[in-house]
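# Structural features, examined
The lines below spell out each chain.
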Amino acid sequence: MNNHTLCNIKKCFTILLCTGLLASCNNASDNAEGLSDSQIEIHGDTLTIPSSSTIASRIVCDTVGESSYAATLTTTGVVTAIPSSYAEVAAPFGGRVVRSLVRIGQKVKAGTPLFEISSSDYGEVVKRLIQTKSEMDMAKRALDRTQDLHNNKVASDKDLDEAKTAYSLAAEEYHHAVAVANEYQIDIRHAEVGQPMIVRSPISGSVLTNDLVIGEYLKEDADAKVVVADLDKVWVKANVSEMDAPFVEGIEGVEVNLMARPDSVLRGQVSYVGGVLDPETRTVQTIIECNNPRHFMLPNMYAQVRMHIQNHNSLIIPKDAVLQSEKGRYVLLQIGENTYRRTFVEVQSVDERNLRVLKGLNVGDVIITEGAFYLIDKH
């Protein structure tokens, strides 16, 4: 045997040796990953894993039980004034500003004069009020006189009925004029033709805005020039995700951190949870009411909101136990020795590792808690 032939034999032996090693590594890798699918029996949503399967040694089961837990929901919110404590005051009639009676920051009560305007439309309302009052008084005097004559057999029944009708119509006209005057907060007792109209605050609070200019003509549909609000209490409107919305019912405390005051912690309480889910953001609006005696919280400020959920018992399972399919989330429920059934569940996140079971499992159920991902495509 010459040297050339010996060299070729060595090369062939080396190739065969490498090929054998690669095959051995591949088989070992298959066994390590538990890919012996042929050993698993599958019937619909049920599968059986023989004890001899390499997957069986990688599966850990545990019994589902109740645990006490507390969670914190974190979201962002916007400070707003409470609608019943906020008023944008505009001129009810077109007219010229005669006088401004308040300054920014001033505290006012409901009914406090804010400004005066000279308005012909206002003059017509006052004129109508005075005129109908006079007509009603005249009709009342006529009715009293006719009633007296009727009692003395001088006036007929027809005369009395006509007097009563005239008075009823006059009184109706006056009451309508009074209703209009009340709508515009006109002081009926002191209203006089030719006087400027006094625009009053509808609520108690502080003057936040005063954009009045003396001599300026305000149109009837002009924007509000004065804003009055009571900011001793405010709302924080926060959006809670669809999955976290059920937790809000168990909120026992709320902490609010203003972006403008990151070191301050303000307390609040949930006063309302929206009944409509926003289809675009998949969130529910939650309103938190906060005491604001020092007026740190101003409308339109941004805030971080932390809602603390009270301790209570629930079914808690690890996130690794839950698999995802096109039909939804599911776990593998043990129904016999080495036999499991795919069971769909509804869950909510509790923390980074655990989920709360809302539907699909009961206390005492045994599920795969580790190694379930080996079986994710076995259905």
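What you are looking at is a predicted structure, and each value in this text was computed from that prediction instead of being measured. Every chain is numbered on its own, with residues counted from 1 as its sequence reads. For this predicted model, a pLDDT threshold of at least 70 governs which residues receive local features, and a threshold of 80 or more governs which side-chain atom pairs are given and counted, while totals over whole chains, interfaces and linings are taken from all residues. The side-chain quantities take in all heavy atoms of the structure and omit both hydrogens and water.

### Observations regarding the environment of Gly77
To keep things clear, this is the line we draw: By definition, any uninterrupted DSSP run of H or I lasting at least four residues is a helix, any uninterrupted run of E lasting at least two residues is a strand, and each is numbered from the N terminus. Type-normalised accessible area, obtained with a 1.4 Å probe on protein chains alone, sets the label of each residue: buried when under 20%, exposed when over 50%, and partly exposed for intermediate values. By the convention used here, residues are in contact when the closest approach between their heavy atoms is within 4.5 Å.
Secondary-structure assignment places Gly77 in strand E5 (residues 72-81). A residue is classified by how much of its surface remains accessible, and Gly77, at 4% relative accessible area, is buried. In sequence terms Gly77 and Asn257 are 180 residues apart; their C-alpha atoms lie 9.7 Å from each other. Setting aside chain neighbours within four positions, we find Gly77 in contact with Val236, Lys237, Ala238, Met301, Tyr302, Ala303 and Val305.

### Side note on the nonpolar core
The tendency in soluble globular proteins is for nonpolar side chains to be buried as a group. Formally: Nonpolar cores were defined as sets of buried Ala, Val, Leu, Ile, Met, Phe, Trp, Tyr and Cys residues, with membership established by side-chain atoms within 4.5 Å.
In this structure, Phe115 and Val226 are the most contacted members of the largest nonpolar core, which totals 32 residues. Those elements giving two or more residues to this core turn out to be strand E6 (86-89), strand E9 (113-118), helix H2 (120-151), helix H3 (157-183), strand E10 (197-200) and strand E13 (226-229). Leave out the neighbours within four places in its chain, and Phe115 touches Val89, Ala90, Ala91, Arg99, Ser100, Leu101, Met197, Ile198, Val199, Leu212 and Val226. Of all hydrophobic cores here, the second largest spans 27 residues; its members include Ala81, Ala238, Ala303 and Ile309.

### Quick look at the confidence of the model for the chain
To keep it simple, the criterion reads: pLDDT measures the predictor's confidence residue by residue and takes values from 0 up to 100.
Taken residue by residue, the chain gives an average pLDDT of 85. The fraction at 70 or more is 89%. Here helix H1 (residues 3-33) stands out as the least confident element of the chain, with mean pLDDT 38; E13 is the most confident, with 97. Contacts from residues 1-36, a stretch scored under 50 in pLDDT, to residues over four places away or in other chains number 13 contacts.

### Description of H3
This is how it is decided: Multiplying 1.5 Å by the helix residue count minus one yields the expected span of that helix.
With 27 residues, H3 ought to run about 39 Å at 1.5 Å a step, and its terminal C-alpha atoms sit 39 Å apart, in line with that. Of all the residues in H3, the buried ones are Leu160, Ala163, Ala170, Ala171, Tyr174, Ala177, Val178 and Ala181. Where H3 is buried, its residues meet H2.

### A closer look at H2
Definition in use: In the analysis that follows, any N or O atom pair within 3.5 Å is treated as a polar contact, provided that within protein one partner can donate a hydrogen and the other can accept it, and provided that, for residues neighboring in sequence, both atoms belong to side chains.
When the terminal C-alpha atoms of H2 are compared, their 46 Å separation across 32 residues agrees well with the 46 Å that a helix rising 1.5 Å per residue should span. Looking at H2, one finds that the buried residues are Tyr122, Gly123, Val125, Val126, Leu129, Thr132, Met136, Ala139, Leu143 and Thr146. On its buried face, H2 is in contact with H3 and E10. For H2, the N-terminal cap is Ser119; the gap from its side-chain oxygen to the backbone nitrogen of Asp121 is 3.3 Å.

### A word on the side chain of Ser119
Among the structural elements, Ser119 can be located in the loop between E9 and H2. Since its relative accessible area comes to 10%, Ser119 is described here as buried. Looking at Ser119, its side chain comes within polar contact range of the main-chain oxygen of Gly94, at 2.8 Å. Within the local environment of Ser119, its side chain forms a polar contact with the backbone nitrogen of Asp121, the two atoms lying 3.3 Å apart. Setting aside residues up to four positions removed in sequence, Ser119 forms contacts with Phe93, Gly94 and Gly95.

### What about the packing of H2 against H3?
Relative orientation and spacing of two packed helices are given, respectively, by the angle between their axes and the distance between those axes. Cut-off, in case you're wondering: Each axis is a line fitted through C-alpha atoms, and for a helix only the stretch in contact is used; angles between axes span 0 to 180 degrees, taken between their N-to-C directions. Here is the rule for angles: anything less than 35 degrees is roughly parallel, anything more than 145 is roughly antiparallel, 65 through 115 is roughly perpendicular, and the remaining ranges are oblique. Should the near helix be turned anticlockwise from the far one by less than a right angle, the crossing is termed left-handed; should it be turned clockwise, right-handed. Under the scheme applied, nonpolar residues are Ala, Val, Leu, Ile, Met, Phe, Trp, Tyr, Cys and Pro; charged residues are Asp, Glu, Lys and Arg; polar residues are all the others, including Gly.
Look at H2 against H3: their axes get within 8 Å of each other, and the N-to-C directions meet at 160 degrees. Judged on the interaxial angle alone, H3 and H2 are roughly antiparallel. The interaxial crossing formed by H2 with H3 has left-handed handedness. For the contact of H2 with H3, the residue count by class is 16 nonpolar, four polar and eight charged.

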